[in-house]
Amino acid sequence: MANLLQMNSLPIWDFFDNSLADKIRRISNVMFYAEGQLIHSRGDQNPSFSIVKSGSAHAGIFGEDGQFVMTTILRPGQTFGEFTLFADLPRTHDITAFDRTEIYDLSERKFFALYDEEPAFARALFSSHLKRTHNLLELLDAMRRLPLRERTAKILINLLSANETYNVIECRQSDLAATLGVTRASLNKALQQLVELELIELGYGKIKISKKRKLSAWVTENCTQVGL
């Protein structure tokens, strides 16, 4: 599950001062994608660094049966493509625009020129990736050890945008079930248990969390943290 769950990472802009953020926006190409449009495919060999400017994108993998298994919702300020630059790896996931989406795109040449010129840029990437790796360790532990109700709650917390007080996760239950590797019926049971605890609300194609702190506290109490 490499490159899994860039969820709940702070927007990359939070790691930059205003002058560096403005410089990145100025030198980037802005790419526009319509709802459902493919941004790139798993296996593509096109190194670049991308930041979601507006809208949102779903990252996952299309199976042999054509089913899309979602692993990540990418929101404004979240990034992808780093593996293609630092590890010379092909794209690990298929990424599609969930709605009308704009992407800041830094070519390989522009990325490394900025990386060499701006030490703050390198430090920000390092900090961002450490936080992302910490989330990944916790989620892998949850997938291995926790009951489905707790696993589902932990996944939802990590799907939330990090800086909103009212959150709506727009995804189908079938996508979330595939991500967790369970049947839709099993997931629905776990979601209903969270509804009964007044931690979430279910809507058509979306899950609402109006009390993020309450859900976070419940996850902290019921899901032991993992660390190295």
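Residues numbered from 1 in each chain as written. Predicted model: local features only at pLDDT ≥ 70, side-chain atom pairs only at ≥ 80, totals over all residues. Heavy atoms only, no water.

(A) Here's a closer look at the pattern of salt bridges. Applying the stated criterion to the full structure yields six salt bridges. Between Lys 214 and Glu 198 there is a salt bridge, and its shortest N-O distance comes to 3.9 Å. On the criterion of sequence distance, the pair formed by Lys 214 in helix H8 (residues 212-222) and Glu 198 in the loop between helix H7 (184-196) and strand E10 (201-203) is long-range, its members being 16 residues apart. By relative accessible area, Lys 214 is classed as partly exposed at 34%. Taken together, the shared-partner salt bridges in this structure form one network comprising Lys 23, Glu 117 and Glu 118. (Salt bridge = Lys/Arg side-chain N within 4 Å of Asp/Glu carboxyl O. Helix = DSSP H or I, 4+ residues; strand = E, 2+ residues; numbered from the N terminus. Buried < 20%, exposed > 50% of the residue type's maximum accessible area, 1.4 Å probe, protein only.)

(B) Structural view of the sheet that holds strand E8 (residues 101-107). One open sheet holds the four strands; their spatial order is E1-E8-E3-E6, and the pairing between them is antiparallel. Of all strands in the sheet, those bounded by a partner on one side alone are strand E1 (29-33) and strand E6 (79-80). In this structure, strand E3 (residues 48-54) lies alongside E6, joined through two bridges in antiparallel fashion. Pairing of Ile 51 across the sheet is with Thr 79, part of E6. (Pairing = 2+ DSSP bridges.)

(C) Representation of the packing of helix H1 (residues 18-27) against helix H3 (residues 108-117). Interhelical geometry of H1 versus H3 gives an angle of 160° and a closest axis separation of 11 Å. Classified by the angle between their axes, H1 and H3 sit roughly antiparallel to one another. The two elements H1 and H3 meet at a crossing, and its hand is right-handed. The residues of H3 that touch H1, namely those facing Leu 20, Lys 23, Ile 24 and Ile 27, are Lys 110, Leu 114 and Glu 117. Per-class residue counts for the contact of H1 with H3 are four nonpolar, no polar and three charged. (Axes fitted to C-alpha atoms, helices over the stretch in contact; angles between N-to-C directions. Parallel < 35°, antiparallel > 145°, perpendicular 65-115°, else oblique. Left-handed = near helix turned anticlockwise from the far one by under 90°. Contact = heavy atoms within 4.5 Å. Nonpolar A, V, L, I, M, F, W, Y, C, P; charged D, E, K, R; others polar.)

(D) Region of the structure containing the packing of aromatic side chains. Scanning all chains against the criterion turns up 12 aromatic pairs. With 5.4 Å between their ring centres and 70° between their planes, Phe 111 and Phe 121 make a pair best called edge-to-face. Here Phe 111 is found in helix H3, whereas its partner Phe 121 is found in helix H4 (residues 119-145), with 10 residues between them in sequence. The burial state of Phe 111 is the same as that of Phe 121; both residues are buried. The interplanar angle of 75° and the centroid separation of 6.4 Å between the aromatic rings of Phe 112 and Tyr 115 together place this pair among those described as edge-to-face. Taken together, the residues span about one helical turn, with Phe 112 and Tyr 115 both in helix H3 at a distance of three residues. The partly exposed category is assigned to Phe 112, whose relative accessible area is 25%. On the basis of relative accessibility, which here comes to 29%, the residue Tyr 115 falls in the partly exposed class. Through a chain of ring-to-ring contacts, the aromatic side chains of Trp 13, Phe 16, Phe 49, Phe 86, Tyr 104, Phe 111, Phe 112, Tyr 115 and Phe 121 assemble into a single cluster. A cation over an aromatic ring shows up here: Arg 25 above the ring of Trp 13, its NZ or CZ 4.0 Å from the ring centre. (Phe/Tyr/Trp six-rings, centres within 6.5 Å; stacked < 30°, edge-to-face > 60°. Lys NZ or Arg CZ within 6 Å of the ring centre and 35° of its normal.)

Purely geometric stuff here, so don't read any function into it on its own.
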